[in-house]
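What the coordinates show
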Amino acid sequence: MNCFFRLVLAGVAAAFLSFSPVVAQVSDSGAIRDIVIQGNQRIEPETIRSYLSITEGETFSSSRVDRALKSLFATGLFADVSIHREGDSLIVSVVENPIINRLAF
């Protein structure tokens, strides 16, 4: 029994030590084929694109997306902005800040 236990323990240790986890890597490269604007109500999609500093055909990079996100928030037009990638498309979802419609005294 003692020999069997050592053999099993050695097998488990060998299997554990030879284990190399597979890490899924998300590609940060590839051209952006389309930019989709979602959630806008008053602000034109072209206005939002002008603040993005990312255009179709450019290579996707996290740093560009970060700069675009900061640029959109800096306008003060949006309560929330999220940018994510779906395949070759860049999806920009915005929630516009409310505007004052009427002031009554």
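Attention here is on the structure that accompanies the text.

Definitions and cut-offs
Residues numbered from 1 in each chain as written. Predicted model: local features only at pLDDT ≥ 70, side-chain atom pairs only at ≥ 80, totals over all residues. Heavy atoms only, no water. Patch = residues over 30% accessible without salt bridge, like charges linked within 9 Å, V, L, I, M, F, W, Y side chains within 5 Å. Areas by Shrake-Rupley, 256 points an atom, 1.4 Å probe, with all protein chains shown as cover. Salt bridge = Lys/Arg side-chain N within 4 Å of Asp/Glu carboxyl O. Helix = DSSP H or I, 4+ residues; strand = E, 2+ residues; numbered from the N terminus. Phe/Tyr/Trp six-rings, centres within 6.5 Å; stacked < 30°, edge-to-face > 60°. Lys NZ or Arg CZ within 6 Å of the ring centre and 35° of its normal. Buried < 20%, exposed > 50% of the residue type's maximum accessible area, 1.4 Å probe, protein only. Pairing = 2+ DSSP bridges. Axes fitted to C-alpha atoms, helices over the stretch in contact; angles between N-to-C directions. Parallel < 35°, antiparallel > 145°, perpendicular 65-115°, else oblique. Contact = heavy atoms within 4.5 Å. Nonpolar A, V, L, I, M, F, W, Y, C, P; charged D, E, K, R; others polar. Core = buried A, V, L, I, M, F, W, Y, C linked by side-chain atoms within 4.5 Å.

1. Comments concerning a nonpolar patch on the surface
A surface patch of nonpolar side chains, amounting to about 500 Å² of accessible area, comprises Ile 100, Leu 103 and Phe 105. Structurally, the position occupied by Leu 103 is in the segment after strand 3 (89-96).

2. Examining the packing of aromatic side chains
A full pass over the atoms with the stated rule returns zero aromatic pairs. Looking at Arg 85, its charged tip hangs above the ring of Phe 60, at a distance of 4.7 Å from the centre.

3. Notes on the pairing of strand 3
Within a regular strand, side chains alternate between the sheet's two faces. Counting buried residues in strand 3 gives six out of eight residues, a clear majority hidden from the surface. Judged from the five bridges that link them, strand 1 (residues 34-38) and strand 3 form a sheet pairing that is parallel. In the sheet register, Val 36 faces strand 3, and the bridge partner there is Ile 91. The pairing of strand 2 (residues 78-86) with strand 3 spans eight bridges and is antiparallel. By the bridge assignment, Arg 85 is partnered in strand 3 with Leu 90. In this antiparallel pair of consecutive strands, strand 2 and strand 3, the connection spans two residues, and Gly 87 shows a positive phi of 65 degrees.

4. Describing the packing of helix 2 (residues 45-52) against helix 3 (residues 62-74)
Here helix 2 crosses helix 3 at 125 degrees, and the two axes come no closer than 8 Å. Considered as vectors, helix 2 and helix 3 are oriented oblique to each other. Along the contact surface, helix 2 presents Ile 48, Tyr 51 and Leu 52, while helix 3 presents Ala 68, Ser 71 and Leu 72. When the residues that make up the contact of helix 2 with helix 3 are grouped by side-chain class, the tally is five nonpolar, one polar and no charged.

5. Quick word on the nonpolar core
In terms of nonpolar packing, the biggest core is built from 17 residues, with Ile 35, Ile 48, Leu 52, Leu 72, Ile 83, Leu 90 and Val 92 touching the most fellow members. Listing elements by their share of this core, those giving two or more residues are strand 1, helix 2, helix 3, strand 2 and strand 3. Dropping the residues within four chain positions of it, Ile 48 is found in contact with Ile 37, Asn 40, Ile 43, Leu 72, Phe 78, Val 92 and Val 94.

6. Quick notes on the sheet that holds strand 2
The strand order 1-3-2 describes an open sheet built from three strands, whose pairing is mixed. With partners counted over all chains shown, the strands left at the sheet margins are strand 1 and strand 2, one partner each. With direction set aside, neighbouring strand axes in the sheet form an average angle of 15 degrees. Along the sheet face, helix 2 touches strand 1, strand 2 and strand 3 and points at about 120 degrees away from the line of strand 1. Lying over the sheet, helix 3 contacts strand 2 and strand 3, oriented at roughly 160 degrees with respect to strand 2.

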